[in-house]
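Architecture and fold: a report
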Amino acid sequence: MFEGVRKVYRGRDIEVSFDLELCVHVAECLRGHREVFQLNRRPWILPDAAGADEVAEVVRRCPSGALLYHRLDGRPDEDPEGPTQATPIKNGPLLVTGKIEVRREDGTVETLPRATLCRCGQFNHKPFCDNQHLAAGFRAPGVPFRIQLSPIRPQLDQPISKAEDPRGR
Ligand code: FES
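Notes on the structure follow. Just so it is clear, the model here is predicted, and its values are computed rather than measured.

A few words now on the overall build of the chain. When helices and strands are counted, the chain shows 3 helices and 6 strands. What you see in the chain, going N to C, is helices and strands ordered as β-β-α-α-β-β-β-β-α. Taken across its 169 residues, the chain has 28% of its residues classed as buried. Considering only contacts in the chain between residues 6 or more positions apart, those separated by 24 or more positions represent 54%.

Let us look at the sheet that holds strand β1 (residues 6-10). Taken together, 3 strands build an open sheet; the order of strands is β1-β2-β3 and the sheet is antiparallel. Unpaired on one side and paired on the other, β1 and β3 (67-71) mark the two borders of the sheet. Between one strand axis and the next, the sheet turns through 20 degrees on average, direction left out of account. When β1 meets strand β2 (residues 14-19), the two strands line up antiparallel, connected through 5 bridges. Paired with Y9 across the bridge in β2 is V16. Sheet strands in contact with helix α2 (residues 52-59) are β2 and β3, and its direction is about 150 degrees off that of β3.

For the rest of this paragraph, the subject is the nonpolar core. Counting residues in hydrophobic clusters, the biggest one holds 31 residues, and the most contacted among them are V16, V55, V59, L67 and Y69. When contributions to this core are tallied by element, the ones reaching two or more residues are β2, α2, β3, β5 (94-103) and β6 (109-117). Among the domains, domain 1 (6-71) and domain 2 (85-153) are the pair contributing at least three residues each to this core. Excluding residues that lie within four positions of it along the chain, Y69 makes contacts with I14, E15, V16, V55, A56, V59 and E78.

Mapped onto the elements of the fold, D77 is located in the loop between β3 and β4 (85-88). Judged by local crowding, D77 falls into the exposed class, with 12 C-beta atoms found within 10 Å. Separated by 21 residues in sequence, D77 and A56 place their C-alpha atoms 8.8 Å apart. Ignoring sequence-local partners within four residues, the contact set of D77 consists of H70 and R71.

Walk down a regular strand and you will see the side chains alternate between the two sheet faces. In this structure, β4 lies alongside β5, joined through 4 bridges in antiparallel fashion. Counted as the bridge partner of P88 is L94 from β5. The antiparallel pairing of β4 with β5 creates a hairpin that spans 5 residues between the two strands, and N91 there sits at a positive phi of about 60 degrees. Direction of pairing for β5 relative to β6: antiparallel, over a ladder of 8 bridges. Pairing of I100 across the sheet is with L112, part of β6. Between β5 and the antiparallel strand that follows it, β6, lie 5 residues; G107 among them carries a positive phi value of about 95 degrees.

On to unusual backbone geometry, then. Cis geometry marks the peptide bond from R42 to P43, where omega comes out at -10 degrees. Here P43 lies in the loop between α1 (28-32) and α2. Of note, the phi angle at A27 is positive, near 70 degrees, even though the residue is not glycine. With respect to the helices and strands, A27 occurs in the loop between β2 and α1. When the 20 C-beta atoms within 10 Å are taken as the criterion, A27 is described as buried.

Our focus in this paragraph is the sheet that holds β4. On the basis of which strands lie adjacent, the open sheet formed by 3 strands has the order β4-β5-β6 and antiparallel pairing. The sheet is open, and its two borders are formed by β4 and β6, each paired with just one other strand. Geometrically, the sheet is characterised by an average inter-axis angle of 35 degrees between neighbouring strands, direction not taken into account.

What counts, and at which threshold
- Residues numbered from 1 in each chain as written.
- Predicted model: local features only at pLDDT ≥ 70, side-chain atom pairs only at ≥ 80, totals over all residues.
- Helix = DSSP H or I, 4+ residues; strand = E, 2+ residues; numbered from the N terminus.
- Buried ≥ 20, exposed ≤ 12 C-beta atoms within 10 Å, placed from the backbone.
- Contact = placed C-beta atoms within 7 Å.
- Pairing = 2+ DSSP bridges.
- Axes fitted to C-alpha atoms, helices over the stretch in contact; angles between N-to-C directions.
- Core = buried A, V, L, I, M, F, W, Y, C linked by C-beta atoms within 7 Å.
- Domains from an automatic or database assignment.

What follows is the structure, encoded as structure tokens:
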């Protein structure tokens, strides 16, 4: 059963939170703003290293909902509009956007605006994808993940290794 642990990084105008167990390591945050999101630093998230609007924009690119934000400057928080949508990712998870309520065994409920749900059956963090589909060689039709490849994420099938990710220590 999934038991997420969300860590909070508080800035002056915006608070960013991160749940490593939801992360699918596509590195949108690292590509989005290298001063705010930096793996080899503690804390790895510095919300005040950029304007709150810029930080929020990068957080909204996180497909899994591992990153969320809460505005402290009176501006509105992320509020999913329109119908909930589910999109199968080629050889990977089901990408869901909209208002997603995650109910846990202990009765707590977390509302996410984005989530990546496993469809290969190999997950360790039910029901969320944790990239086990890569090791399993899962093949299924779908749309490609729309991310920008870079030196941080050189190939689609080479996410940042969870074992090497210092945020997990
Ligand atoms: S689809 Fe990613 S772990 Fe199953």
